[in-house]
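Structure assessment
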Amino acid sequence: MDPPPAELYIGLMSGTSQDAIDGVLAEFPPNGQPRIRATHSAALTHDLRHQLDALQRPGEEDLGLALQLHHDLGQRFADCALRLLDTVGVPAHAVRAIGCHGQTIRHSPDGPAPHSLQIGNCALIAVRTGIPTVADFRSADIAAGGQGAPLAPAFHQAAFGTAGRRRAVLNLGGMANVSLLGADTSGWDVGPGNVLLDAWAARHLGQPYDAEGRFAALGTADPQLLAALLAHPFIDRPPPKSTGREDFNLRWLDAVLAGFGNLHPADVQATLAEFTAAAVARALRGRDEIEELLVCGGGARNTDLLDRLARRLTPLRVETTAAAGVDPQWVEALAFAWLARQRMHETALDLRRITGARRPVILGCVYLPG
């Protein structure tokens, strides 16, 4: 009997960095690793990022703006998916489903009304592409008592878990999350990844990010400021835990900086990079069984940040997921293609050691094209 054919899925990711929509078209064989067939990244405009920032500020909730961005982002997600299909000439009917993370605008799994809200009209994506679209991946986990995040560790285990290799995976997106791979995969958010670095670079360089960490490399980390940043209660909170822009943003940073006089902007940037590295090091403290840390996300391109991680984590090997065969830029989009596949196969995921959910759950809601 012939083996079942490979399935095609699209994964669309727009994370807390709010810099771009990343998309992958991936082929999943019945057994074996997924293969990326095409990739596409569509930058978010300055105006759109500004509107998303405004929507996330307490006291500036605007239902009209949220609905407009829900529509606009849905169009952009659909554009990205269609571009992927055009790149390799794959017809829509050949793709089993799209997995779309959406853009998070609220994340409060521990509040009186636990929730995590992503926008980006997935019904619109399904209709425009003609492909079933899976979205709202976090709500079922939160309903089961979990944090709703991070969800990537389950995929990290499937993609990078290798017998005899004691690995961890670090995603350096807007926030940083770590996955400890093995028979009992676990993972959690450790604190900010790029979100503060990007915001400070935008303020002082007029650029959306600090390319390769060159701005941070010009400065010297301030020990007192670093200690004040690490005093944020989230950093040493035990997992399961997740975080977002509600906790780590320029308003919080400015409040901390108010007690430090006139630090040079490059020194602040260096301290912020050291803050991310130190938070990761604290998360991995005492986990001597780990031999190798694979880094993915936008922060994997920040040479200065990777050097700081390597210094703090010696003798742990620090390298990007490229060493394991997946370009670090596309790991998270590939994760949501994989999560869509789990949903279409009605596979429940056991995230109890990751999000703290009380039981395994099937993640995601499916929007049909018609």
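The following refers to the structure shown. (Residues numbered from 1 in each chain as written. Predicted model: local features only at pLDDT ≥ 70, side-chain atom pairs only at ≥ 80, totals over all residues. Heavy atoms only, no water.)

**Digging into the environment of Thr314**
Where we set the bar: Strands are runs of DSSP state E lasting at least 2 residues, helices are runs of H or I lasting at least 4, and numbering of each runs from the N terminus. With a 1.4 Å probe rolled over the protein chains alone, any residue whose accessible area is under 20% of its type maximum counts as buried; one over 50% counts as exposed, and the rest are partly exposed.
If you trace the backbone, Thr314 turns up in the loop between α11 (303–313) and β12 (317–320). You can call Thr314 exposed: its relative accessible area is 59%. When the C-alpha atoms of Thr314 and Glu291 are compared, they prove to be 10.0 Å apart, with 23 residues separating the residues in sequence.

**Let's talk about empty space enclosed by the protein**
Empty pockets left among the atoms are what a rolling probe the size of a water molecule brings to light. Put simply, the rule is: Cavity: a set of points on a 1 Å grid over the protein atoms alone where a 1.4 Å probe fits but cannot get out. Pocket: an open set with protein on both sides within 12 Å along at least five of seven lines, its lining residues, like those of a cavity, having an atom within 4 Å of a point. Grid points are joined across faces, edges and corners, and a volume is the space filled by probe spheres set on the points. Throughout, the ten residues Ala, Val, Leu, Ile, Met, Phe, Trp, Tyr, Cys and Pro are labelled nonpolar, Asp, Glu, Lys and Arg are labelled charged, and all others, Gly among them, are labelled polar.
Scanning all chains against the criterion turns up 1 cavity of 30 Å³ or more. Considering only enclosed or pocket space, the largest cavity measures out at about 30 Å³ in volume. Breaking the lining of the largest cavity down by element, the ones donating at least two residues are α6 (195–205) and α10 (265–284). Each residue belonging to the lining of the largest cavity can be placed in one class, and the counts come to 6 nonpolar, 3 polar and no charged.

**Remarks on unusual backbone geometry**
Omega for the peptide link from Ala149 to Pro150 comes to -10°, which places this bond in the cis form. With respect to the secondary-structure elements, Pro150 resides in the loop between α4 (139–143) and α5 (152–160). Residue Thr314 is joined to Pro315 through a cis peptide bond whose omega torsion reads 10°. Mapped onto the elements, Pro315 comes out in the loop between α11 and β12. Positioned with a positive phi, Glu212 is a non-glycine residue whose angle comes to about 60°. Look at Glu212 and you get partly exposed, because its relative accessible area is 45%.

**Looking at the side chain of Gln118**
The criterion, for reference: The term polar contact refers here to a pair of N or O atoms within 3.5 Å; inside protein, the definition further demands a hydrogen-donor-capable atom paired with an acceptor-capable atom, and it admits residues adjacent in sequence only when both atoms are side-chain atoms. Contacts were defined at the residue level, with two residues in contact if any of their heavy atoms lie within 4.5 Å.
For Gln118, the location among the structural elements is in strand β6 (residues 115–119). Of note is the side chain of Gln118, whose polar atom sits 3.0 Å from the side chain of Thr104. Reaching out from Gln118, the side chain makes a polar contact with the side chain of Ser116 at a distance of 2.9 Å. If we skip the residues at most four places from it in the chain, Gln118 touches His101, Gly102, Gln103, Thr104 and Arg138.

**Digging into the sheet that holds strand β13 (residues 365–367)**
Put simply, the rule is: Two strands form a pair only when DSSP identifies at least two bridges running between them. Angles shown run from 0 to 180 degrees and are taken between the N-to-C directions of axes, each axis being a line fitted to C-alpha atoms and, for helices, limited to the stretch in contact.
Ordered in space as β3-β2-β1-β4-β7-β13, the 6 strands form an open sheet in which the pairing is mixed. At either margin of the open sheet sits one strand with a lone partner, and together these are β3 (35–43) and β13. Ignoring which end each strand starts from, the neighbouring axes of this sheet average 20° apart. Where strand β1 (residues 7–13) and strand β2 (residues 20–28) come together, 7 bridges link them in antiparallel fashion. Looking across to β2, one finds that Met13 is bridged to Asp22.

**Describing the pattern of salt bridges**
Here is the rule: Here, a salt bridge means any side-chain nitrogen of Lys or Arg that lies within 4 Å of a carboxyl oxygen of Asp or Glu.
In the structure shown here, the tally under the stated rule is 18 salt bridges. Between Glu27 and Arg37 there is a salt bridge; the shortest N-O distance is 3.2 Å. One end of the pair, Glu27, is in strand β2; the other, Arg37, is in strand β3, with 10 residues separating them in the sequence. You can call Glu27 partly exposed: its relative accessible area is 21%. Its salt-bridge partner being Arg308, residue Glu274 comes within 2.6 Å of it at the nearest N-O pair. Pair noted here: Glu274 is in helix α10 and Arg308 is in helix α11, with a separation of 34 residues, a long-range link. Across the pair, exposure class does not vary: Glu274 and Arg308 are buried alike.

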